[in-house]
Amino acid sequence: MIITLSFISMLSFKGCCLLSFQDGSYLAEFLLARGYEVHGILRRSSSFNTGRIEHLYQNPQAHTEGNMKLHYGDLTDSTCLVKIINQVKPTEIYNLGAQSHVKISFELAEYTANVDGVGTLRLLDAIKTCGLTNSVKFYQASTSELYGKVQEIPQKETTPFYPRSPYGAAKLYAYWIVVNFREAYNMFAVNGILFNHESPRRGSNFVTRKISRSVAKIHLGQLESFSLGNLDSKRDWGHANDYVEAMWLMLQQEEPEDFVIATGEVHSVREFVEKAFKRVGKTIVWDGKDEKEVGRCQETGVVHVKVDPKYFRPTEVDYLQGDSTKAYQKMGWKPKVTFEELVKEMVDADIELMKKNPNA
């Protein structure tokens, strides 16, 4: 199997995937536990970027590979993708590789399109070039950002798309090129339209992890306050570990189909903040409006949360709520981790992290 993560794509059974980001690390664990040989495509960096998967090495200290093997590659390089796929000859490919930060996609629009959109085409074309169209199953990490300016609530597989960012637009191209290869070449290729999914392994510049890290630092006396953007954005948040199971289940079906994966529950950024602080015994009360709004500790009066307009998106996505009825009916999938459990796990993990390394 090949997994493309962080920039890796993951190949399995033999499979391929991108492993160094949140989803790739959980997916690699999931597949290895089921006896897969996992191949990850890792983008070269001058610094180590395998922190989330180091425990999966046969010898973590020496980075000795066992059933997880890494290959240097890049979704912007067709030649390397062809070489890796031809060498590994995977039975499953999970494309998790992307520039996945929505706000940053406005600043890196061309790069985002090249990686997230055309990169998916390069992978599909590499499968075709290697003559594996009839033997490989392909999973594409799609996104709830496709719905953007939502056309119905909740959003399901048949809901019209209306992306509101370069990231969403690039992922829209990726979605339709997967459908095209499925229909044109009879390839087993599917889109998993995953709504927001978090964990302690989430990147530190994503809002949920920024909140859990900051609350942990405040709790330990390492920080007084932090800044956020739109406090009233509402999202359908689940746990990444639950969602990687859904990815795998999609490739175990008899026929390739696209699925929405979501909890069906909606919570605001403001509520995530309140729940996170509640975990460390603080009650947040809100004062002011718009850019002047602050979150103050009820017990001490200290301002812990501020609003900074630099975190606003040029075009906001205000409300996302998924309907994963199809996934439950056809695959038996449903989320296991609740919103409250997710927040608790993230805050607790970051408290332990900051105790060991305040500069983490």
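Higher on the page you've got the structure.
The rules behind these values
- Residues numbered from 1 in each chain as written.
- Predicted model: local features only at pLDDT ≥ 70, side-chain atom pairs only at ≥ 80, totals over all residues.
- Heavy atoms only, no water.
- Helix = DSSP H or I, 4+ residues; strand = E, 2+ residues; numbered from the N terminus.
- Buried < 20%, exposed > 50% of the residue type's maximum accessible area, 1.4 Å probe, protein only.
- Contact = heavy atoms within 4.5 Å.
- Areas by Shrake-Rupley, 256 points an atom, 1.4 Å probe, with all protein chains shown as cover.
- Pairing = 2+ DSSP bridges.
- Axes fitted to C-alpha atoms, helices over the stretch in contact; angles between N-to-C directions.
- Parallel < 35°, antiparallel > 145°, perpendicular 65-115°, else oblique.
- Left-handed = near helix turned anticlockwise from the far one by under 90°.
- Nonpolar A, V, L, I, M, F, W, Y, C, P; charged D, E, K, R; others polar.
- Core = buried A, V, L, I, M, F, W, Y, C linked by side-chain atoms within 4.5 Å.
- Lys, Arg positive; Asp, Glu negative; His and termini not counted.
- Salt bridge = Lys/Arg side-chain N within 4 Å of Asp/Glu carboxyl O.
- Phe/Tyr/Trp six-rings, centres within 6.5 Å; stacked < 30°, edge-to-face > 60°.
- Lys NZ or Arg CZ within 6 Å of the ring centre and 35° of its normal.

Caption draft 1: Layout of the overall build of the chain. Helices and strands together make up the secondary structure of the chain, namely ten helices and 16 strands. Out of the 360 residues in the chain, the part that is buried amounts to 54%. In the chain, of all internal contacts separated by at least 6 residues, the share reaching a separation of at least 24 is 71%. A total of about 15300 Å² of accessible surface is found on the chain, and carbon and sulfur atoms cover 47% of it.

Caption draft 2: Highlighting the sheet that holds strand β9 (residues 226–228). Strand order in the open sheet made by the four strands is β9-β16-β15-β14, with mixed pairing throughout. Of all the strands in the sheet, the pair left with one neighbour each is β9 and β14 (284–287). Taken pair by pair, the neighbouring strands of this sheet meet at an average axis angle of 25 degrees, ignoring direction. Looking at chain direction, β9 and strand β16 (residues 303–307) are connected through three bridges and run parallel. Counted as the bridge partner of phenylalanine 226 is valine 305 from β16.

Caption draft 3: Representation of the packing of helix α2 (residues 78–88) against helix α4 (residues 109–129) within the structure. In contact at an axis separation of 9 Å, α2 and α4 are set at 45 degrees when each is read in the N-to-C sense. Our classification of the angle between α2 and α4 gives oblique. When the axes of α2 and α4 are compared, the crossing they make is right-handed. Together, Ser78, Leu81, Val82 and Ile85 of α2 and Arg122, Leu123, Ala126, Ile127 and Thr129 of α4 make up the contact between the two elements. The residue inventory of the contact of α2 with α4, partitioned by class, reads six nonpolar, two polar and one charged.

Caption draft 4: Inspection of the nonpolar core at higher detail. Among the nonpolar cores identified, the biggest contains 27 residues, and Tyr94, Tyr139, Met250 and Ile261 are the most heavily contacted of them. At the level of elements, α1 (22–32), β6 (137–143), β7 (188–194), α7 (240–251), β12 (259–261) and α9 (325–331) are the ones that each hand at least two residues to this core. Formed by 24 residues, the second largest nonpolar core is a distinct cluster that contains Ala216, Leu231, Phe339 and Ile351.

Caption draft 5: Just the pairing of strand β5 (residues 92–95), in detail. Taking every second residue as pointing to the same face, both faces of β5 are buried, with Glu92 and Tyr94 on one and Ile93 and Asn95 on the other. Where β5 meets β6, four bridges bridge the pair, whose relative direction is parallel. Note that in β6 the partner of asparagine 95 across the bridge is glutamine 140.

Caption draft 6: Broad picture of the pairing of strand β3 (residues 38–42). Counting buried positions along β3 gives five out of five residues, so the element sits mostly inside the fold. Across the two faces of β3 the burial is the same, with Val38, Gly40 and Leu42 and His39 and Ile41 all buried. Bridging between β3 and strand β4 (residues 68–72) involves five bridges; their strand directions are parallel. Along β4, the bridge assignment pairs histidine 39 with lysine 69.

Caption draft 7: Representation of the side chain of aspartate 242. Turning to its location among the elements, aspartate 242 is positioned in helix α7. Buried within the structure, aspartate 242 lacks any salt-bridge partner; lysine 336 is the closest side chain of opposite charge, at an N-O distance of 4.6 Å. Filtering out sequence-adjacent residues up to four positions away, aspartate 242 remains in contact with Trp333, Pro335, Lys336 and Val337.

Caption draft 8: Expanded view of unusual backbone geometry. Following isoleucine 153, the chain continues to proline 154 via a peptide bond in cis, the omega torsion being -5 degrees. Following the sequence through the fold, proline 154 ends up in the loop between β6 and α5 (166–185). A positive phi angle is found at aspartate 290, which is not glycine, with a value near 50 degrees.

Caption draft 9: Fine view of the packing of aromatic side chains. Scanning the model with the defined rule gives twelve aromatic pairs in all. For the pair tyrosine 175 and tryptophan 176, a centre-to-centre distance of 5.0 Å together with 85 degrees between the ring planes defines the contact as edge-to-face. Look at tyrosine 175 and you get buried, because its relative accessible area is 8%. With 5.7 Å between their ring centres and 75 degrees between their planes, phenylalanine 272 and phenylalanine 339 make a pair best called edge-to-face. Residue phenylalanine 272 is located in helix α8 (residues 269–279), and its partner phenylalanine 339 is located in helix α10 (residues 339–356); the two are separated by 67 residues in the primary sequence. Just above the ring of phenylalanine 30 sits the side chain of arginine 34; from NZ or CZ to the centre is 3.5 Å. Here the basic side chain of lysine 326 rests over the ring of phenylalanine 259, its NZ or CZ set 4.7 Å away from the ring centre.

Caption draft 10: Looking closely at the environment of phenylalanine 195. Summarising the element assignment, phenylalanine 195 is placed in the loop between β7 and β8 (197–198). As for phenylalanine 195 and leucine 320, which are separated by 125 residues in sequence, their C-alpha atoms are 7.9 Å apart. The contact partners of phenylalanine 195, leaving out residues within four places of it in the chain, are Ser144, Tyr147, Gln155, Asp236, Tyr243, Val260, Ile261, Ala262, Leu320, Gln321 and Gly322.

Taken by themselves, the reported measurements are silent on function.
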